[in-house]
Structure formats: C-alpha cells, structure tokens
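For reference, the chains in residue letters:
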There are 2 protein chains.
Amino acid sequence: MARRTGRRPGNPDTREAILDAARAAFAERGFDAASIRAIAAAAQVDPALVHHYFGSKDQLFLAAMRAPVDPGELLPRVLAGDRDGVGERLVRTFLGVWDSPAGAAGVALLRSAVSNEWTARLLREFLVSQVLRTVLNRLDVDPAELPLRGSLVASQMIGLAMMRHVIRLEPVASAAPETLVAAVGPTVQRYLTGDLAEVLAG
Amino acid sequence: MARRTGRRPGNPDTREAILDAARAAFAERGFDAASIRAIAAAAQVDPALVHHYFGSKDQLFLAAMRAPVDPGELLPRVLAGDRDGVGERLVRTFLGVWDSPAGAAGVALLRSAVSNEWTARLLREFLVSQVLRTVLNRLDVDPAELPLRGSLVASQMIGLAMMRHVIRLEPVASAAPETLVAAVGPTVQRYLTGDLAEVLAG
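Thresholds, definitions, all that
- Residues numbered from 1 in each chain as written.
- Chains lettered and ligands numbered in written order.
- Predicted model: local features only at pLDDT ≥ 70, side-chain atom pairs only at ≥ 80, totals over all residues.
- Heavy atoms only, no water.
- Contact = heavy atoms within 4.5 Å.
- Buried area = accessible area lost by both parts, 1.4 Å probe.
- Salt bridge = Lys/Arg side-chain N within 4 Å of Asp/Glu carboxyl O.
- Helix = DSSP H or I, 4+ residues; strand = E, 2+ residues; numbered from the N terminus.
- Buried < 20%, exposed > 50% of the residue type's maximum accessible area, 1.4 Å probe, protein only.
- Least-squares fit on C-alpha atoms with pLDDT ≥ 70 in both.
- Domains from an automatic or database assignment.
- Polar contact = N/O pair within 3.5 Å; in protein donor to acceptor, adjacent residues only side chain to side chain.
- Phe/Tyr/Trp six-rings, centres within 6.5 Å; stacked < 30°, edge-to-face > 60°.
- Arc of directions from axis to C-beta.

Going by what an unreviewed UniProt entry lists, chain A is known as Transcriptional regulator, TetR family and is assigned to Micromonospora citrea.

Interface size, as often reported, equals the accessible area lost upon joining of the parts. Listed per partner, the contact involves 41 residues of chain B and 41 residues of chain A. Between chain B and chain A lies a buried interface of about 3400 Å² when both sides are counted; carbon and sulfur atoms form 72% of it. Broken down residue by residue, the surface that chain B buries against chain A is led by Val114(B), Ile167(B) and Leu169(B), which jointly contribute 18%. Linking chain B to chain A there are 0 salt bridges. Counting residues per element, the side of chain B that touches chain A draws most heavily on helix α9 (residues 146-166) of chain B, which supplies 13 residues.

Turning next to unusual backbone geometry. For the bond from Glu170(A) to Pro171(A), the omega torsion is 0 degrees, close enough to zero to count as cis. For Pro171(A), the position within the fold is in the loop between α9 (146-166) and α10 (177-193). Within the chain, Asp140(B) stands out as a residue other than glycine whose phi angle is a positive 55 degrees. Among the secondary structure elements, Asp140(B) is positioned in the loop between α8 (117-137) and α9. Classification of Asp140(B) by relative accessible area gives exposed; the value is 70%. Located in the positive-phi region is Arg168(B), a residue other than glycine, with phi close to 55 degrees. Position of Arg168(B) relative to the elements: it lies in the loop between α9 and α10 (177-193).

Summed over the entire model, instances satisfying the criterion amount to 14 salt bridges over all chains. For Asp99(A), the salt bridge identified is with Arg164(A), shortest N-O distance 2.9 Å. Pair noted here: Asp99(A) is in helix α6 (residues 86-99) and Arg164(A) is in helix α9, with a separation of 65 residues, a long-range link. When its relative accessible area of 37% is taken as the criterion, Asp99(A) is described as partly exposed. A salt bridge links Arg23(B) to Asp20(B), with the shortest nitrogen-to-oxygen separation between them at 2.9 Å.

Overlaying chain B with chain A gives an RMSD of 0.0 Å, the required rotation being 180 degrees about an axis along which the chain moves by 0.0 Å. With respect to symmetry, the two chain copies, as superposed, fit the operation of a two-fold axis. Relative to the rotation axis, the C-alpha of Gly159(B) is the closest in chain B, positioned 1.8 Å from it. When the interface residues of chain B are mapped onto chain A, 100% of them again fall at the interface, so both copies present the same face.

Attention now goes to the domain arrangement of chain A. All names here are of chain A. Under the domain assignment, chain A is made up of domain 1 (12-64) and domain 2 (71-201). A C-alpha centroid distance of 26 Å is found between domain 1 and domain 2. With 11 residues of domain 1 at the interface, the matching set in domain 2 holds 9 residues. Roughly 930 Å² of surface becomes buried between domain 1 and domain 2 when both sides are summed, with 65% attributable to carbon and sulfur atoms. In this structure, the connection of domain 1 to domain 2 is made through 1 salt bridge.

Glancing now at the environment of Arg111(B). Inspection of the secondary structure puts Arg111(B) in helix α7 (residues 102-115). For the pair Arg111(B) and Met162(B), spaced 51 residues apart in sequence, the C-alpha separation works out to 9.8 Å. For Arg111(B), the residues in contact, after removing those within four places along its chain, are Val114(A) and Ser115(A). Engagement of the side chain of Arg111(B) in a polar contact is seen with the backbone oxygen of Val114(A), the distance being 2.4 Å.

Residue and element names in this part refer to chain B. Considering all chains together, one arrives at 12 aromatic pairs over all chains under this definition. Taken together, a centroid distance of 6.4 Å and an interplanar angle of 40 degrees make the contact between phenylalanine 61 and phenylalanine 126 tilted. A residue pair is termed long-range when its members are at least 10 positions apart, and phenylalanine 61 in helix α4 (residues 57-65) and phenylalanine 126 in helix α8 qualify at 65 residues. By the burial criterion, phenylalanine 61 is buried, and phenylalanine 126 matches it. When the ring of phenylalanine 94 is compared with that of tryptophan 98, the centres are 5.8 Å apart and the planes differ by 45 degrees; the resulting orientation is tilted. Here phenylalanine 94 and its partner tryptophan 98 are both found in helix α6 (residues 86-99), 4 residues apart, which amounts to about one turn of the helix.

A word on the side chain of Asn11(B). In this structure, Asn11(B) sits in the segment before α1 (12-29). Looking at Asn11(B), its side chain comes within polar contact range of the main-chain nitrogen of Asp13(B), at 2.7 Å.

With that settled, the discussion passes to the side chain of Arg124(B). Within the secondary structure, Arg124(B) is located in helix α8. For Arg124(B), the side chain forms a polar contact with the main-chain oxygen of Ile167(A), separated by 2.8 Å. Excluding residues within four positions of it along the chain, Arg124(B) makes contact with Ile167(A), Arg168(A), Leu169(A) and Glu117(B).

Residue and element names in this part refer to chain B. Pro71, Leu74, Leu75, Val78 and Leu79 are the residues of helix α5 (residues 71-79) that are buried. Summarising the axial view, the buried residues of α5 lie within an arc of 135 degrees, below the 170-degree limit, and thus occupy one face. Looking at α5, the residues exposed on the side facing more than 90 degrees away from the buried face are Glu73 and Arg77. Buried residues in α5 make contact with α4, α6 and α8. For α5, the N-terminal capping position is held by aspartate 70, with its side-chain oxygen 2.7 Å away from the main-chain nitrogen of glycine 72. Directly beyond the C-terminal end of α5, a positive phi value near 110 degrees is found at glycine 81.

Here it is, written out as structure tokens:
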C-alpha cells in the first residue's frame, strides 16, 4: 500500500531538485559552461527528464532564476526596426516589464542579488546570456567591444530600475515611460552603437 | 556611590539617542523639513547639545546615515573647472570614493537601502540634499528641470556602483577608472547640462 517515494515525472520534488542543481551550476560555472548533463547528474535524474520538464537550457535557466519574463520573447520587438532606435526600444521594453506585475519579481530579484552573492552571479549570467549578448550580436559592432558595451548598458538599466522601483527618487519614480525613453534612450544607444574608440583607447 | 545614569555630554547613549531621532526625522519628514529642534526634543536633549556634538544639520545627517564621506568636502573639486567637464569630474570623484576603503560602507548602504524602505528614504534624501542639489545649483540650468536632471544622474551613478561593486559585471567591475570616466562622463554631462527640451516636452 506504500506509495513510491522515488522521483518521477510530475513529482514536484524532482522539479525542485533540478532547479536547485541548475541554480548551483549556473552560479558556479556560468551559463555557458553549465551543462544539462551535469545538472541532471547533480539532481540524480536522466538528462531527458530535464529537457522534458524545462525544454532548452535557456528555459531551464529562466525557471532557475524565477525570471518573470522571457527575454527571448521580448527582444525580437527591440531588435526589429532601425539600428538608431534600438536604445529607445530597449528602454521602452525594459520599462514595460518593470512597470507591469512582473516588476515586483524584478524588485525581489534585485533585492536578492544585492544581499546574496549567488543571486548576483545568476543575475550577471542572466544579463549577459539572455539579454545583452542577444542584442549586441545583432548590432554589427566590434566583438572586442561587446563586453564593455553590454556592462555599460546594464549599469544604466539597473540604475534606472533601482531609482524608479527601489530607491524611488522623484521624478524618475513616477515619470511617464516615454519621458524616460527620451531621456535614457540616447544613453543606451551610445553604449550600444556609439563610437567608444576614445573610451577603449583609455 | 551610584553613578548617574542620566544623559549628559559625552555619553555614548546620548549620541545614539540623537542619531536614532535624526534617522527617524530625516526618513519621515525629509532633510529640509526635519529640524534640529524637533530631533533634540525626540531625543530628550537640548538643541544646543545636538549642535555641540554634530555641528550643522548637514553634519548630523551624514552621521545619521553613517555616510563614509562628506560630499561637502568632495564636491568643490567637482565644481571647480569648466562646465563641460563636470560630468567627467563627478564620475571620477564618485569612482574614487567607491574604489577607496569607503566603498565598503557604500555597498553596505546600498544593500540596506534595497531591503529597507527607511534606509531607501535616507539615501534618497542624501542624494538630493547633499549631492545633486549642490551640483545642479552651480550649473545655471532651469530650476524646473533640476529634479529630473538630478534623478537621471542618480540612476546612472547608482547603476554604475551596482555593476562595479555589487553585481560585479565585467568589464565594468574591474575597468580602470579613467575608462569609465570616458564612457559614463558624457552621459552624466548630458543629464546635468544637455538639452532635455524634447524629454521634458514628452
């Protein structure tokens, strides 16, 4: 009459074991070096089960991060259209997410990243592997400049989220999104595609 | 033989009582509306004692925030020199503080502000009353634009500190300060003195 206690498909414990193993692997090794095979081994399940539950490595990562949105769905909108407008479109999309109900999860993630080195690592991997690389790879800039451009964009975007949703400094805290798109869009555009020769020579 | 237990000059309890009352007043009422008189009353001491211990209201505020540096001492360096270089000088000075031993206190303050609404309010008051207002008042910009300019500057600076010292995203995390001055200085300069007519009309 005893029920099986082992892990099997559909068992929430199995899901959680995979997510725990994924968080550890992504934080320790980074997104690129972490493998589904190693995560499955750590969770004591078959790799096929990881794929069955979560699909791709990207999807597993988003689930492990408890990411409230999938950048893979949002970024095509940012990338469609002229190259000179990508800064404004990135800020507009970013504000749209943070001003939506998903924003609360964003604030929670930011809070956790600030107090917990592990979450900070996951957030770093998220920014690079799910957002910045995707955007920058489409913009035809010197590959050697990608990391600096990406981290500069992240500095302005995270700072904007901090001021609007955490520190709540006015008027940024309650400004109309389009005001911030007009104010911050050119900054992000310069970091993405502007001439940083002087910066990189320095 | 019993020692007096009442508060008196030099008593660390008195100092702490004043600082507690100051934190509450600055967070609740804001820097401008909080008065030394009300803080003294809340701490059950004479206002003269507050002045004796802490000097000015600015100094009391910095002590209450446990601010690792006094912007009043650093900002003259930022403000000396040409108007077109103030963005770079502000970033250079900011990085100098965060890269120094004082940076650890800055990270602690940021951590606390992210998890604690009270510290967030104090940080907000600090940014506005001790840094942004001082800088912007010297730059001859339309007073109506000061709050937006100030909060945009704060968004980029706090984001830079987050990426360099908390999230630690490379290469911003370990870039030479002058690389970041060249990259971020123009952003801050535009927020401080650039034409935001289009932004403000939006």
